[in-house]
Amino acid sequence: MSAPLTFAAEVADAKAQNRPIVALESTIITHGMPYPQNLETAQAVEAEIRKAGAVPATIAVMGGKIHIGLEPEELEALAQTKDAMKVSRADLAVCLAKGATGATTVAATMICANLAGIDVFATGGIGGVHRGAEDSFDISADLLELAQTPVSVVAAGAKAILDLPKTLEVLETHGVPVIAYGQDAFPAFWSRNSGLPAPLRADSAAEIAKSQLARAALGLPGGQLIANPIPEEAEIAREEIVPVIEQALQEAEAQGIAAKAVTPFLLSRIFELTEGRSLEANIALVLNNARLAAAIAGEIITARGA
């Protein structure tokens with residue numbers, strides 16, 4: 001039995017013509033923002049990738065199929081879906097079997113992108129080790145996916161609400177290259193500098209592309225995490241955002257919010273406490289990641305043809 005993939009016309013044409021393609025997740029649409037802002041943001045990210053010379057492939061599960069790229073009417077329908085499953089490695093097959101609508105997380109998007117032969121994926125921030133994980137064992141499946149699925153993920157670091165030192169330690173343990181783009185510091189989503197050094201650094205899309213191809217040539221499993229700092233003009237400085245995150249975390253604990261409900265609560269509360277600036281920064285960093293991912297995808301095709 002082969003994977004039940006269906007390709008949007010634009011993506012199918014790009015594959016046939018060997019043009020660069022960038023995968024996009026769909027949980028940011030169904031679980032990240034309200035309608036119609038989620039639709040407008042998804043359309044803006046896709047437009048940014050096209051402007052940068054690549055083709056966007058937003059990935060979602062609909063009608064028992066993995067959609068590699070969404071037609072405009074499918075994207076709009078997904079943006080208005082209220083009960084989409086949040087699909088990771090553990091849920092993907094069940095979502096398909098049920099015929100349910102599923103929005104792909106970082107882990108599931110990596111799996112689907114790899115099945116579709118797509119090398120590069122742009123997102124906002126990956127999941128990681130949650131604070132208090134030494135008691136809860138709450139560690140995102142994104143980290144283990146990076147260790148086994150050969151896709152380069154462009155993100156503005158890990159979400160700043162996480163335990164970033166432990167997240168980097170888990171990535172190191174599993175042999176995942178964490179490459180900061182154009183700086184030595186590991187970025188922290190809304191902020192350019194987490195206060196932690198990045199394990200690796202690259203200063204060009206070509207260097208990142210060659211690194212991915214070199215991993216494949218060496219037979220090394222897994223992908224790369226490309227930590228792309230938010231543009232300076234859009235960032236919320238670390239000294240400003242950290243107290244806001246701490247307040248939101250304390251409120252979540254006081255209200256007994258746990259498991260999968262934690263991240264949506266925190267992001268919503270941080271949005272309120274920053275008077276919407278966190279969402280504006282989130283949109284800016286996703287667009288920035290889309291541009292870099294398009295450049296990397298183009299360089300991979302160039303390097304393969306050399």
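The rules we used
Residues numbered from 1 in each chain as written. Predicted model: local features only at pLDDT ≥ 70, side-chain atom pairs only at ≥ 80, totals over all residues. Heavy atoms only, no water. Helix = DSSP H or I, 4+ residues; strand = E, 2+ residues; numbered from the N terminus. Rg over C-alpha atoms; globule rule 2.2 N^0.38 Å. Contact = heavy atoms within 4.5 Å. Areas by Shrake-Rupley, 256 points an atom, 1.4 Å probe, with all protein chains shown as cover. Lys, Arg positive; Asp, Glu negative; His and termini not counted. Charge placed at Lys NZ, Arg CZ, Asp CG, Glu CD. Axes fitted to C-alpha atoms, helices over the stretch in contact; angles between N-to-C directions. Parallel < 35°, antiparallel > 145°, perpendicular 65-115°, else oblique. Buried < 20%, exposed > 50% of the residue type's maximum accessible area, 1.4 Å probe, protein only. Core = buried A, V, L, I, M, F, W, Y, C linked by side-chain atoms within 4.5 Å. Pairing = 2+ DSSP bridges.

Caption draft 1: Representation of the overall build of the protein chain in the model. Summing up its helical and strand segments, the protein chain has 13 helices and 13 strands in all. Computed over the C-alpha atoms, the radius of gyration of the protein chain is 18 Å, within 12% of the 19 Å expected from 2.2 N^0.38 for a compact globule of 306 residues. In terms of principal-axis extent, the alpha carbons of the protein chain reach across some 50 × 40 × 35 Å. When contacts within the protein chain are restricted to residue pairs at least 6 apart in sequence, those whose partners lie at least 24 apart make up 74%. Summed over its atoms, the accessible surface of the protein chain is roughly 13200 Å², and 53% of this surface lies on carbon and sulfur atoms. Seen as two clouds, the 22 positive and the 36 negative side-chain charges of the protein chain have centres 4 Å apart.

Caption draft 2: Layout of the packing of helix H6 (residues 106-115) against helix H8 (residues 141-148). The N-to-C vectors of H6 and H8 enclose an angle of 25°; their axes lie 8 Å apart at closest approach. For the element pair H6 / H8, the angle class is roughly parallel. Only Ala-141, Asp-142, Glu-145 and Leu-146 of H8 make contact with H6, whose side of the interface consists of Val-106, Ala-107, Met-110 and Ile-111.

Caption draft 3: Inspection of the environment of Arg-291 at higher detail. Within the fold, Arg-291 resides in helix H13 (residues 277-305). On the accessibility criterion, Arg-291 (34% relative accessible area) is partly exposed. Residues Arg-291 and Arg-50 lie 241 residues apart in sequence; the distance between their C-alpha atoms is 9.1 Å. Once residues lying within four places of it in the same chain are set aside, the contact partners of Arg-291 are Glu-48 and Ala-52.

Caption draft 4: Geometry of the nonpolar core. Formed by 93 residues in total, the largest nonpolar core has its most connected members in Ile-68, Ile-126, Trp-190 and Ile-296. Take this core: its biggest share by element is 13 residues, from H13. When near neighbours in sequence (up to four residues on either side) are disregarded, Ile-296 contacts Val-120, Val-154, Ala-205, Ile-208, Ala-209 and Ile-226. Counting nine residues, the second-largest nonpolar core is a separate cluster that includes Ala-42, Met-62, Leu-70 and Leu-75.

Caption draft 5: Local environment of unusual backbone geometry. Along the chain, Tyr-35 connects to Pro-36 via a cis peptide bond; the corresponding omega equals 5°. The phi dihedral of Phe-137 is positive, around 60°, even though this residue is not glycine. Along the chain, Phe-137 falls in the loop between helix H7 (133-136) and H8. When its relative accessible area of 67% is taken as the criterion, Phe-137 is described as exposed.

Caption draft 6: Inspection of the pairing of strand E4 (residues 65-68) at higher detail. As paired elements, strand E1 (residues 5-7) and E4 share three bridges and run parallel to each other. Among the inter-strand pairings, Thr-6 is bridged to a residue of E4, identified as His-67. Joining the antiparallel neighbours strand E3 (residues 55-62) and E4 is a turn of two residues, in which Gly-63 adopts a positive phi near 60°.

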